[in-house]
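So you can see what is in the structure, the chains are spelled out below.
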Amino acid sequence: MCVSTKLHPRSALAVFSLIIINKAGGLIYQREFQAGLRKLSTNDYLVLAGTFHGVHAITRSITPKLPLQNTASPVASSPGTSAPTTSGFSYPNPGVPVSGLEYLETDKFRLTCFQTLTGTKFLLFTDPMTGSVETIVNKIYELYADYVMKNPFYQLEMPVRCEAFDRHLGAWLRGRT
Amino acid sequence: MAAPRHSAMLSISNASTPQSTSSDKTQVQQPQSPAGTSGLRVPSNRKTIYDRHLNRSRNAELSRASFAYLFGEMVSYAQRRVTGIQDLEKRLNEQGYPLGLRLLDLLFYRATSTSSSALSSSSTSSSPPNRPLRILTLLHLIHGPLWRLLFQRSADALEHSVSPDTPNEYMITDNEPLVNTYISVPREMSMLNCAAFVAGIIEGVCDGCGFEAKVSAHNQPTEMWPSRTVFLVRFGDSVMEREKVLERAGVK
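Here the structure is a predicted model, which is why all the values come from computation and not from measurement. (Residues numbered from 1 in each chain as written. Chains lettered and ligands numbered in written order. Predicted model: local features only at pLDDT ≥ 70, side-chain atom pairs only at ≥ 80, totals over all residues.)

Examining the overall build of chain A
Working step 1: The helix and strand inventory of chain A stands at five helices and seven strands.
Working step 2: For chain A, the N- to C-terminal ordering of α and β elements is β-β-α-β-α-α-β-β-β-β-α-α.
Working step 3: A buried classification covers 23% of the 177 residues belonging to chain A.
Working step 4: Within chain A, residue pairs in contact and separated by at least 24 positions form 49% of the contacts whose partners lie at least 6 positions apart. (Helix = DSSP H or I, 4+ residues; strand = E, 2+ residues; numbered from the N terminus. Buried ≥ 20, exposed ≤ 12 C-beta atoms within 10 Å, placed from the backbone. Contact = placed C-beta atoms within 7 Å.)

Quick notes on the overall build of chain B
Working step 1: Looking only at helices and strands, chain B has seven helices and four strands in total.
Working step 2: Each helix (α) and strand (β) of chain B, taken in turn from the N terminus, gives the series α-α-α-α-α-β-β-α-β-β-α.
Working step 3: Out of the 252 residues belonging to chain B, those deemed buried represent 25%.
Working step 4: Expressed as a percentage of contacts within chain B between residues at least 6 apart in sequence, the contacts between residues at least 24 apart total 58%.

Observations concerning the interface of chain B and chain A
Working step 1: Taken together, the contact between chain B and chain A spans eleven residues of the former and twelve residues of the latter.
Working step 2: Taken together, the residues of the side of chain B that touches chain A sort by class into eight nonpolar, three polar and no charged. (Nonpolar A, V, L, I, M, F, W, Y, C, P; charged D, E, K, R; others polar.)

Description of the sheet that holds strand β1 (residues 15–21) of chain A
Residue and element names in this part refer to chain A.
Working step 1: The five strands lie next to each other as β2-β1-β7-β6-β5, forming an open sheet whose pairing is antiparallel. The strands lining the two open edges of the sheet, one partner per strand, are β2 (27–32) and β5 (103–105). Direction aside, the axes of adjacent strands within the sheet are offset by 10° on average. (Pairing = 2+ DSSP bridges. Axes fitted to C-alpha atoms, helices over the stretch in contact; angles between N-to-C directions.)

Re helix α3 (residues 64–79) of chain B
Working step 1: Across its 16 residues, α3(B) extends 22 Å between first and last C-alpha, which sits within 8% of the 22 Å expected from 1.5 Å per residue.
Working step 2: A positive backbone phi angle near 60° is found at Arg81(B), which sits one or two residues after α3(B). (Expected span 1.5 Å × (residues − 1).)

Things to note about the confidence of the model for chain A
Residues and elements named next belong to chain A.
Working step 1: With 81% of its residues at a pLDDT of at least 70, chain A reaches an overall mean of 82.
Working step 2: For the stretch residues 1–12, pLDDT sits under 50, and the model shows 19 contacts to residues farther than four places along the chain or on other chains.
Working step 3: Overall, residues 71–85 carries pLDDT values under 50, and its contacts beyond four positions in sequence, including any with other chains, amount to eight contacts. (pLDDT = per-residue confidence, 0-100.)

Observations concerning the sheet that holds strand β1 (residues 157–160) of chain B
Residues and elements named next belong to chain B.
Working step 1: Pairing is antiparallel across the open sheet formed by four strands, whose spatial order is β1-β2-β4-β3. This sheet does not close on itself; its edge strands, each paired only once, are β1 and β3 (213–219). For this sheet the average axis-to-axis angle between neighbouring strands, irrespective of direction, equals 20°.
Working step 2: In the sheet, β1 pairs with strand β2 (residues 169–174) via four bridges, with the strands oriented antiparallel. Bridge pairing links glutamate 159 to methionine 171 in β2.

As for the environment of Leu141(B)
Residues and elements named next belong to chain B.
Working step 1: Within the secondary structure, leucine 141 sits in helix α5 (residues 135–151).
Working step 2: On the basis of neighbour count, leucine 141 is assigned to the buried category, with 21 C-beta atoms found within 10 Å.
Working step 3: Note: C-alpha distance between leucine 141 and leucine 104 (37 residues apart in sequence) is 9.8 Å.
Working step 4: Among residues more than four places away in sequence, those in contact with leucine 141 are Pro132 and Leu146.

Considerations on the nonpolar core
Working step 1: Formed by 73 residues in total, the largest nonpolar core has its most connected members in Leu123(A), Phe165(A), Ile142(B), Cys194(B), Val198(B), Ile202(B) and Val233(B).
Working step 2: When residues in this core are grouped by element, the largest group, eight residues, is from helix α6 (residues 196–208) of chain B.
Working step 3: Residue contacts for Val233(B): discarding those within four places in its chain leaves Tyr170(B), Ile172(B), Ile202(B), Cys206(B), Ala213(B) and Val215(B). (Core = buried A, V, L, I, M, F, W, Y, C linked by C-beta atoms within 7 Å.)

Written out as structure tokens, the structure is:
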């Protein structure tokens, strides 16, 4: 990916940076938590957000489907009819919606993508050795729900400029180490 | 003067009575006619909100998130068609004012019903006079019981202006106002403090007690308390004159 990280190994704070992408693929928040990351211009970040949004959509759609057991024989016997071929396959886990890309790992960093029910995506760049990334992402989501969504001055889908969110996010990540 | 605003509020709350002007009447009675004679919805067990005991919700707690969403919507509502920050604060103040007038009654009711154990002694001379007559008693009422009723804790400081030019100014400090918990004011509106709503409540309480006052909320952030707010209470000249007379008479 385009974020190359030149980092000191075993850094004290294992969270490198956070990106929030709205449901249209626009970058609405970007923050670095560690010095020494390669600087990207704002435009690069916008491109990164848009690109990731597209890649995420592709990974959702290429989720492999498994043939259903009971309809497997009619598909084989009558290939001319198109209806059974579409309905004869299902996702491996039918009750769970397709999530798309969740982790992306390199030897230097690990990208965790968390998508909310409304389509907002939180991208968290961490050290690959960091444990309990899910807890961190959930806490960030909680802070977002509190200090961004409950702020009457925040306009939906627009860049996040909430001082209380920045403050609490920074304080929580600092206190975690 | 306190009287015009107070009486204006009373007339608003009584607007549905037949004494209102004819233009009000047509507006008010149109929606009422299909609903029946009383505009009040009565549940099947005939118990309305007015049949409940006032102390019923005394220790009840409210979801902080739902309050945050409600208050956020109130701020957004007040923000529509305003010309500036002062205008917005004035609107928030006006939203809080009637609340203060009514909270005062509840506060006194609950104070008396706890101090005198039996309800039978109400409205007789046995119950101590609760209405504050002096400024300091009023401010202590706001700082303590009112704050506890609203936020479940006392305010953080109560100060008197040190400047000799403004002896009528008092400051009530809240280090972390509940209403501002989730609110980040954008940089271009940095003067705005949404606790103007609470200032309106204080103003309502003061006016309800007969102390004409203007209350405003100001940001005074510190390193430790970034949302620290000071409520500046400015009493009117008539109140200060009366205060002097009461002081000479030795009224507590």
